[in-house]
Amino acid sequence: MKNIVLIGMPGCGKSTVGVVLAKILGYRFLDSDLLIQESENRLLHDIIEQEGIEGFEEIENKVNASIDVKRSVIATGGSVVYGREAMEHLKKIGIVVYIKLPYEEINHRLGNLEQRGVAIRKNQTLKDLYNERVPLYEKYADITVEEKNLTISQTALYIRDRLREYE
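Residues numbered from 1 in each chain as written. Predicted model: local features only at pLDDT ≥ 70, side-chain atom pairs only at ≥ 80, totals over all residues. Heavy atoms only, no water.

A.B. asks: Lay out the overall build of the protein in plain terms, naming residues and giving numbers.
C.D. replies: For the protein, the helix and strand inventory stands at 8 helices and 5 strands. Going residue by residue from the N terminus, the α and β elements of the protein occur as β-α-β-α-α-β-α-β-α-α-α-β-α. At 15 Å, the protein has a C-alpha radius of gyration in line with the 15 Å of a compact globule built from 167 residues. When the backbone C-alpha atoms are referred to their principal axes, the protein occupies close to 40 × 35 × 25 Å. Counting every position in the protein, which comprises 167 residues, the buried fraction comes to 49%. A sequence separation of at least 24 residues applies to 73% of the contacts in the protein between residues at least 6 apart. Carbon and sulfur atoms form 47% of the exposed surface of the protein, whose accessible area is close to 8500 Å². (Helix = DSSP H or I, 4+ residues; strand = E, 2+ residues; numbered from the N terminus. Rg over C-alpha atoms; globule rule 2.2 N^0.38 Å. Buried < 20%, exposed > 50% of the residue type's maximum accessible area, 1.4 Å probe, protein only. Contact = heavy atoms within 4.5 Å. Areas by Shrake-Rupley, 256 points an atom, 1.4 Å probe, with all protein chains shown as cover.)

A.B. asks: Account for the environment of V63, with residues named and values stated.
C.D. replies: Tracing the sequence through the fold places V63 in helix 3 (residues 44–65). Residue contacts for V63: discarding those within four places in its chain leaves L35, I36 and S39.

A.B. asks: Could you give me a rundown of the packing of aromatic side chains, with the residues and numbers involved?
C.D. replies: Under the definition given, this model contains 2 aromatic pairs. Taken together, a centroid distance of 5.7 Å and an interplanar angle of 70 degrees make the contact between Y103 and Y130 edge-to-face. Note that Y103 is positioned in helix 5 (residues 103–109) and Y130 in helix 7 (residues 126–140), a separation of 27 residues in sequence. Here Y103 matches Y130 in class, with each residue buried. When the ring centre of Y82 is taken as origin, the NZ or CZ atom of R121, which lies over that ring, is 5.9 Å away. (Phe/Tyr/Trp six-rings, centres within 6.5 Å; stacked < 30°, edge-to-face > 60°. Lys NZ or Arg CZ within 6 Å of the ring centre and 35° of its normal.)

Structure follows, in structure tokens:
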């Protein structure tokens, strides 16, 4: 079985669902945001502050395009879909699962965007970012999970069940 790659907006639960899904499947768990921080020896928001959005996205693209793991659940950053090389690589090594939540729920869940290391441009609202990214998530997704009203465990189990289509 291939890796499982989780994509979606910040705050949709990729990391939390990813850990639970990895346990259910007996896979390793990898958070690509932590991989980026480790490779750069800086926090995400520091990278964004120092390199700008474009610089951060270049680093994110490079790091995600170089992930070399097997039998892993990979939780990606929300902006991973801007990196063409990264997404082509991730689709090659895994099944891409889009964890979809309505804008209102994302807005409710997210606190300080800068502290979270969300790649958002000046004068761009969260709603603008949401509207810009959703078509990209849908473009790359092999499986889409409508997470609204599901618990973390229900989301993980739903993904597990949908993965059987790819065995």
